[in-house]
Amino acid sequence: MKDLRIVFMGTPDFAQAILRRLIDTGRNVVGVFSQPDKPVGRHQTLEPTPVKKLAMEHGIPVCQPAKMKDGTALSMMRDFSPDLVVVAAYGRILPPDMLAVPRLGCVNIHGSLLPKYRGAAPIQWAVINGEEKTGVTAMYMAEGMDTGDMIMKLETPVGEDETSGELFERLAGLGADAIERTLAMFDEGSVPREKQDDSEATMAPMLNKGMAELDFSKPAKKIHDLVRGLEPWPVAYTFLDGKLLKVHEARKAEGYSGEAGALLDEKCFIVGCGDGAVELLQVQPEGRNRMSGEDFVRGKRLVAGTRLGAQAKDFI
C-alpha cells in the first residue's frame with residue numbers, strides 16, 4: 001500500500017526527521033501542513049519551518065493555515081483527499097472535522113511513552129523529572145490531548161547528563177523508525193489498537209522562561225536535571241550582583257556541601273544546594289558569550305561565600 005495518499009503535519013526538526021523518512025522510503029506524501037513562517041533575527045526575516053524547507057526541496061505542496069477552525073484548513077485537507085494523515089509536533093490541536101477526513105484516520109508520533117507526558121513538551125519534562133527511560137509512541141489521534149489508542153512504542157534510556165536538545169535528536173530518529181514500522185502495519189492491513197490507561201497519565205505543559213530561575217535550596221540532582229531539561233530553551237538562569245547569568249550545563253559536585261546559593265570553591269564554579277552541590281560548567285553572563293564556569297569564576301575573581309540568586313548579596 002505504498003501508494004497510500006499521505007498528508008504530513010509537522011513543524012520543527014523533530015518532525016522534519018519523520019517527514020524525511022517518509023520521503024526516503026518512497027511514501028506518497030501528497031501534501032504537508034506546517035506552522036506559518038516566523039520572523040527571526042535582528043532584521044525579523046521570515047524563516048520557513050524545518051518541515052516546510054524539506055517539503056519544498058522535494059516539490060511537495062505546503063499549507064500553512066493561521067487558524068484551524070475557520071474552515072480554511074479543512075478545505076485544504078479535503079483537497080488532498082488523503083488516505084492517512086501523519087502528525088508529528090505540528091503545534092496545533094486538530095478539530096474533529098479534520099480528524100475525520102482521512103479514511104484510515106490520523107496517526108501521531110509523540111515523544112514519550114504514553115500515557116506519561118501528554119502535552120506540548122514531553123521530551124523536556126522527561127529530562128526535568130529525571131526519568132531514566134523514555135521513548136516515542138505511535139498512536140491514533142482522538143479529540144483529547146494525546147489520548148488516542150496506541151499502535152506501538154519504542155523505548156530508549158535517558159543519559160544521566162543528556163540534555164533535552166540531545167534527547168530530541170535521538171527521539172527524532174526513533175520517531176522515524178516508529179512511523180516506518182507503523183506504515184508497514186498499514187501495508188499488511190493489520191494495525192493494533194491499545195487503549196491508554198488514563199489513571200496513569202501525566203501532563204507535559206509548554207515551557208516558559210519563568211520556570212527557568214534556579215532555586216539553590218533544592219537538591220543538587222533537581223537543579224542538574226532542570227538545567228539539562230531547559231537546554232537549549234529557555235535555558236536555566238540565576239543572578240550574580242543583580243545581573244542575569246544563564247546556566248547551560250551543570251553537574252552534581254561530589255564531596256561538597258555548604259550554604260544553598262553560596263560559592264563553595266574559588267577554582268571551580270561550585271555552588272551549594274539544599275542537598276549537596278552543583279558545578280556550573282557552562283555559563284553565559286549578561287550580554288556576553290558562553291564560557292566555562294572556571295573561566296567565569298577566575299575572571300570575576302569570585303571568593304568563597306559569594307551568593308547567587310535574585311536577592312543575593314556577597315558575604316565575604
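This text follows the structure it describes.
Quick caveat: nothing in here was measured; it's all calculated off a predicted structure.

So, how was this worked out
- Residues numbered from 1 in each chain as written.
- Predicted model: local features only at pLDDT ≥ 70, side-chain atom pairs only at ≥ 80, totals over all residues.
- Heavy atoms only, no water.
- Helix = DSSP H or I, 4+ residues; strand = E, 2+ residues; numbered from the N terminus.
- Buried < 20%, exposed > 50% of the residue type's maximum accessible area, 1.4 Å probe, protein only.
- Contact = heavy atoms within 4.5 Å.
- Areas by Shrake-Rupley, 256 points an atom, 1.4 Å probe, with all protein chains shown as cover.
- Lys, Arg positive; Asp, Glu negative; His and termini not counted.
- Charge placed at Lys NZ, Arg CZ, Asp CG, Glu CD.
- Axes fitted to C-alpha atoms, helices over the stretch in contact; angles between N-to-C directions.
- Left-handed = near helix turned anticlockwise from the far one by under 90°.
- Nonpolar A, V, L, I, M, F, W, Y, C, P; charged D, E, K, R; others polar.
- Core = buried A, V, L, I, M, F, W, Y, C linked by side-chain atoms within 4.5 Å.
- Pairing = 2+ DSSP bridges.
- Salt bridge = Lys/Arg side-chain N within 4 Å of Asp/Glu carboxyl O.

Scanning the chain from N- to C-terminus turns up eight helices and 15 strands. Once the C-alpha set of the chain is aligned to its principal axes, its extents read approximately 70 × 45 × 35 Å. Expressed as a percentage of its 316 residues, the buried residues of the chain come to 50%. Considering only contacts in the chain between residues 6 or more positions apart, those separated by 24 or more positions represent 65%. Total accessible area on the chain is roughly 15500 Å²; 49% of this is exposed by carbon and sulfur atoms. Treating the 39 positive side-chain charges of the chain as one cloud and the 45 negative ones as another, the clouds have centres 4 Å apart.

Next up on the list: the environment of S217. Structurally, S217 is set in the loop between α6 (164–188) and α7 (220–229). Along the backbone, S217 and A88 are 129 residues apart, and their C-alpha atoms lie at a distance of 38 Å. What S217 contacts, discounting residues up to four positions off in sequence, is A260 and G274.

What follows concerns the packing of helix α1 (residues 13–24) against α6. Remark: α1 packs on α6, axes separated minimally by 8 Å, with the N-to-C direction vectors making an angle of 35 degrees. The way α1 lies across α6 gives a crossing that is right-handed. For the pair α1 and α6, contact is made by F14, A17, I18, R21 and L22 and by F168, L171, A172, G173, G175, A176, D177, I179, E180 and L183, respectively. Residues that form the contact of α1 with α6 fall into these classes: 10 nonpolar, two polar and three charged.

Glancing now at the nonpolar core. F8, L19, V32, I151, I179 and F186 are the most contacted members of the largest nonpolar core, which has 39 residues in total. Ranked by residue count, the leading element in this core is α6, at nine residues. Beyond its immediate stretch of four places on either side in the chain, V32 contacts F8, L19, V51, A55, I60, P61, V62 and C63. Ranked by size, the runner-up nonpolar core spans 33 residues in total, among them A121, W125, V227 and V297.

An order of β5-β2-β1-β6-β7-β8-β9 is seen for the seven strands of this open sheet, with the pairing classed as mixed. Single-partner strands in this sheet number two, and they are β5 (62–63) and β9 (150–157). Here strand β1 (residues 6–10) pairs with strand β2 (residues 29–33) via four bridges, running parallel. Bridge assignment links I6 to a residue of β2, and that residue is V29. Against the sheet, α6 contacts β1, β6 (84–88), β7 (106–110), β8 (133–140) and β9, and its axis sits at roughly 150 degrees relative to β9.

Before going further, it helps to examine the pattern of salt bridges. Two side chains that carry opposite charge are able to pair once their charged atoms sit near each other. Tallied over the full model, the rule gives 18 salt bridges. The salt bridge involving D187 is made with R27; its shortest N-O contact spans 2.8 Å. Of the two residues, D187 is situated in helix α6 and R27 in the loop between α1 and β2; the sequence distance between them amounts to 160 residues. By relative accessible area, which is 27% here, D187 ends up partly exposed. R193 is the salt-bridge partner of D149, the closest N and O atoms lying 3.1 Å from each other. Residue D149 is located in the loop between β8 and β9, and its partner R193 is located in the loop between α6 and α7; the two are separated by 44 residues in the primary sequence. The exposure class assigned to R193 is exposed, which follows from its relative accessible area of 54%. Each member of the salt-bridge network shares a partner with another, and the members are R21, D177 and E180.

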